[in-house]
Amino acid sequence: MQSDLIAEVEETLKRIQSQKGVQGIIIINAEGIPIKSTLDNSSTVQYAGLLHQLVMKTRSTVRDLDPQNDLTFLRVRSKKNEIMIAPDKDYFLIVIQNPSD
Amino acid sequence: MSVPQRAGAAKTKQAISQSHSSKEAAAAKLLKAAVKKQDEDDGTEVGDGADEWMQRKTLIKPPDQVDLTEAELKEEFTRILTTNNPHAPQNIVRYSFKERSYKRIGGIDQLAIHFMLAGNLLHKDSDEARQQRARQGLPDEKAAVESIVAETEEEKPDSPQVEIEEVTEVGGSEDRPESVEHQAKRRDQKLKNQFKFTERPSQTLNNPLRQKGCQTELPPRSNFSATANQWVIYDAYMEELQKQNKERQKASLKKEEEKSKKKTILVETESDNITRVRQVAKIVERMVVQNTFDEIAQDFKYFEDSSDEFREQEGTLLPLWKFQHDKVKGLAVTSLCWNQRYKDLFAVGLGSYDFTKQGYGMVLFYSLKNPTFPEYSYITLSGVMCLDIHAKLSHLVAVGFYNGCIAVYNLKEKSTQPMYRSTAKSGMHTDPVWQVKWQKDDLDSNHNLFSVSSDGRVVSWTLVKNELVFTEIIKLSMGDGLTQGLEELQFLNPACGTSFDFHKQIDYLFLVGTEEGKIFKCSKAYSSQFLETYDGHHMSVHAVRWNYFHPKVFLSCSADWTVKIWDHTVRTPMFTFDMNSAVGDVAWSPYSSTVFAAVTTDGKVHVFDLSINKYEALCQQPVVPKKAKLTHIDFNLVYPIIIVGDDRGCVTTLKLSPNLRKKPKEKKGQEPPKTPEMEVAKMEKLLSLQREPDNSSLG
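Values in this document were obtained by computation on a predicted structure and should not be read as measured data.

**Describing the interface of chain B and chain A**
At the interface, 27 residues of chain B touch 38 residues of chain A. When chain B packs against chain A, the two sides together hide about 3,100 Å² of surface, and 63% of this comes from carbon and sulfur. Along the contact surface separating chain B from chain A lie three salt bridges. One salt bridge connects Arg15 of chain A with Glu285 of chain B, and the closest N-O pair in it is separated by 2.5 Å. Between chain B and chain A we count 14 residue pairs in polar contact (both at pLDDT 80 or more) in total. It is helix H10 (residues 278-292) of chain B that provides the largest number of residues to the side of chain B that touches chain A, a total of twelve residues. For the side of chain B that touches chain A, the residue count by class is twelve nonpolar, ten polar and five charged.

Below you can see the structure in the form of structure tokens.
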């Protein structure tokens, strides 16, 4: 069962990676330490550190407004690309995509 | 002259005789002053004593004194004496740590000290004074008192004590050597034998002092910091609540399981691997896909073909997403079904219509949110011919196979195997199952489904516990059902059922289409007879569908290139449409009683709206490349899109243009009627128009 789930997750990540314009995927745990990444180490660490804080702040904001609510995902669209972050209870998944590619 | 001199001299003499020599100088001065005064005076010898006295009282004016008038001199100036010290500050401020600010002090000391001198006088009765006297011995004043005391006790030391005390004690001291007085004396001084006393102090050994301390290990410390937000508190409470609930459940369970005594250890695997990211990965995938297919998503939501305003009797279909999967190459879409509950989820059944190329089949569930990958997929041994999703419990899917088998899948379970499966023993069909449909739960609230197959049987299956229990409803036969006694003979010509549909409102009424082209109207209650037979088509009927709104109208389509609309009380069709190619499937639209769509094997989708055009399609559009044949079609219940499946395993979504979605205009001044009634009325109008020419032709 476990191996099935792992395979499923791996496959999903592979599919995301193969989508048009996706530059990288990073998975970080609750403390902001990257577990898995398709980018190089320095970029990964940088993204992880900065985005972790952003997500914590966002989540705090959403929950302060209504404690029964929770953050589902966060999209940060910039001139060059788009960063999508989906937080889980203990993990964050970050995908960087350039949609116009 | 001599008198004053004498007076002065007499005074001086007196002074000398009486006082000390130190006063001589002062006297001499006085004398000199007196002499001086006398020289200045003009020798008035009257009242010498008075002279002297007056001389001393003469005012001496300084030269720069202010001259004041009499009135000014007599002016009274009031001087008030207060205790306020003018030099004392009036607004002393001190910092108060309690209030963390500077505060004025209330009372300000008005005491002004002009002169201070530390003295060295002791009161004679104070302790220190007594000690001093004890050391020095009493002064001579008290010698007389002491002598009395000394006489009686010579060896007793001189004791300077309070005079009062001694006087009172003198009387009795002779008789009482141990008087208080003497004891008091002893306290002050050490009793020393005056003849033979030597002091011999000795010191004992001081025990060596040693410090002994011990240090324990520091208790383990860790830094903890957290913010107490409203939601953190809320989370904590929710967790508590859940724990309590679990405990309650466990308590109730324990009572039940006491006998079995099974130990089930709940292992919550908090493994560090990626499985926890599953849910999140799904969300992110959808986000990424949404970006990729952004234009399509925008079209889906907002695009309305504006050219429809100019073309009144035409509409278009805008192609949106295409759903394809690698594993389904070579398989044709054999059935489509939208999920009632989740409006973006639909099921695709894949198999093969070709008799010779029978292989495996698949059931895929796609969501509009992610066209790249199915949400659920199941591979089956035999080709899937039909499927149906339960209306209320949308996790139950009934699937009919080419080999006559029926299976029910539960989407909530993670297994790839169906929950239930019919086998040869349990009444499996002997021919491919062409249609399955869920029905309402029976009296025991077991789920119930119907199936029709080419072996001529319509069977009802009930999900009882772990099994599928079948009940045959009807056996289809070619005869009209008039000859009642020849049931067995009749069944020698079984009709092959290819499709069926249940009436939306009347529960027991259903239609069955056959391969021979006939359509039977049947009831669940009567297993041998049909209520009605319609000679519908010349070739096999691919689909029969009741209208969503009008209770009497149904559609049928067939391989003989026609689509027919019927009123079930009339044996002949109301409308007939020729499509120029075999019609694979037909479907009513859920939003209008007069709109329906059909797909043909030449890859075209035809959309009709009978209220606008009774004879022609509003839209005839090829949606797939030429060689592909369209096999199935279905309308989405909420969004204005349709899905069409082809024989290449590809499902295309198309958006209906506004012309195809028209609702009849409301007449001015009238209230807008309720939709179903409106639809029914619309259809009725059409039908009545149709019937009139019929009647006239008959008559």
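**Section: the packing of aromatic side chains**
Residue and element names in this part refer to chain B. Enumeration over the complete set of coordinates arrives at 27 aromatic pairs over all chains. Both rings, one in Phe450 and one in Phe502, keep their centres 4.9 Å apart while their planes meet at 75°; by these two values the pair is edge-to-face. Here Phe450 is found in strand S13 (residues 448-453), whereas its partner Phe502 is found in strand S16 (residues 497-502), with 52 residues between them in sequence. By relative accessible area, which is 2% here, Phe450 ends up buried. Ring geometry for Tyr591 against Phe635: centres 6.3 Å apart, planes inclined by 75°, an arrangement best described as edge-to-face. Here the residue Tyr591 occupies a position in the loop between strand S24 (583-588) and strand S25 (595-600), and Phe635 occupies one in strand S28 (residues 630-635), the gap between them amounting to 44 residues. Here Tyr591 and Phe635 have matching classes, each one buried. Among the aromatic residues, those joined into a cluster by ring pairs are Phe575, Phe577, Trp588, Phe596 and Phe608. A cation over a ring is seen here: Lys282 above Tyr376, with NZ or CZ 6.0 Å from the ring centre. We note Lys504 situated over the ring of Tyr548; from NZ or CZ to the ring centre the distance is 4.7 Å.

**Examining the side chain of Asn636 of chain B**
Residues and elements named next belong to chain B. When you line up the elements, Asn636 lands in the loop between S28 and strand S29 (641-646). Given a relative accessible area of 3%, Asn636 falls into the buried group. Within the structure, Asn636 has its side chain in polar contact with the backbone oxygen of Lys343 (distance 3.2 Å). Reaching out from Asn636, the side chain makes a polar contact with the backbone nitrogen of Tyr639 at a distance of 3.4 Å.

**Remarks on the sheet that holds strand S1 (residues 22-29) of chain A**
Taken together, five strands build an open sheet; the order of strands is S2-S1-S5-S4-S3 (chain A) and the sheet is antiparallel. What marks the edges here is a single partner per strand, and that holds for strand S2 (34-37) and strand S3 (74-77) of chain A. In this sheet, neighbouring strand axes are inclined to one another by 15° on average, regardless of whether the strands run parallel or antiparallel. Note that S3 of chain A and strand S4 (residues 82-87) of chain A share four bridges and pair antiparallel. In the strand pairing of S4 of chain A, Leu74 of chain A is matched with Ile85 of chain A. Its contacts with the sheet place helix H1 (residues 2-18) of chain A against S1, S2 and strand S5 (91-97) of chain A, and it is angled at close to 145° to S1 of chain A. Relative to S4 of chain A, H10 of chain B is tilted by about 155°, and along the sheet it contacts S1, S3, S4 and S5 of chain A.

Rules behind the numbers
- Residues numbered from 1 in each chain as written.
- Chains lettered and ligands numbered in written order.
- Predicted model: local features only at pLDDT ≥ 70, side-chain atom pairs only at ≥ 80, totals over all residues.
- Heavy atoms only, no water.
- Contact = heavy atoms within 4.5 Å.
- Buried area = accessible area lost by both parts, 1.4 Å probe.
- Salt bridge = Lys/Arg side-chain N within 4 Å of Asp/Glu carboxyl O.
- Polar contact = N/O pair within 3.5 Å; in protein donor to acceptor, adjacent residues only side chain to side chain.
- Helix = DSSP H or I, 4+ residues; strand = E, 2+ residues; numbered from the N terminus.
- Nonpolar A, V, L, I, M, F, W, Y, C, P; charged D, E, K, R; others polar.
- Phe/Tyr/Trp six-rings, centres within 6.5 Å; stacked < 30°, edge-to-face > 60°.
- Buried < 20%, exposed > 50% of the residue type's maximum accessible area, 1.4 Å probe, protein only.
- Lys NZ or Arg CZ within 6 Å of the ring centre and 35° of its normal.
- Pairing = 2+ DSSP bridges.
- Axes fitted to C-alpha atoms, helices over the stretch in contact; angles between N-to-C directions.

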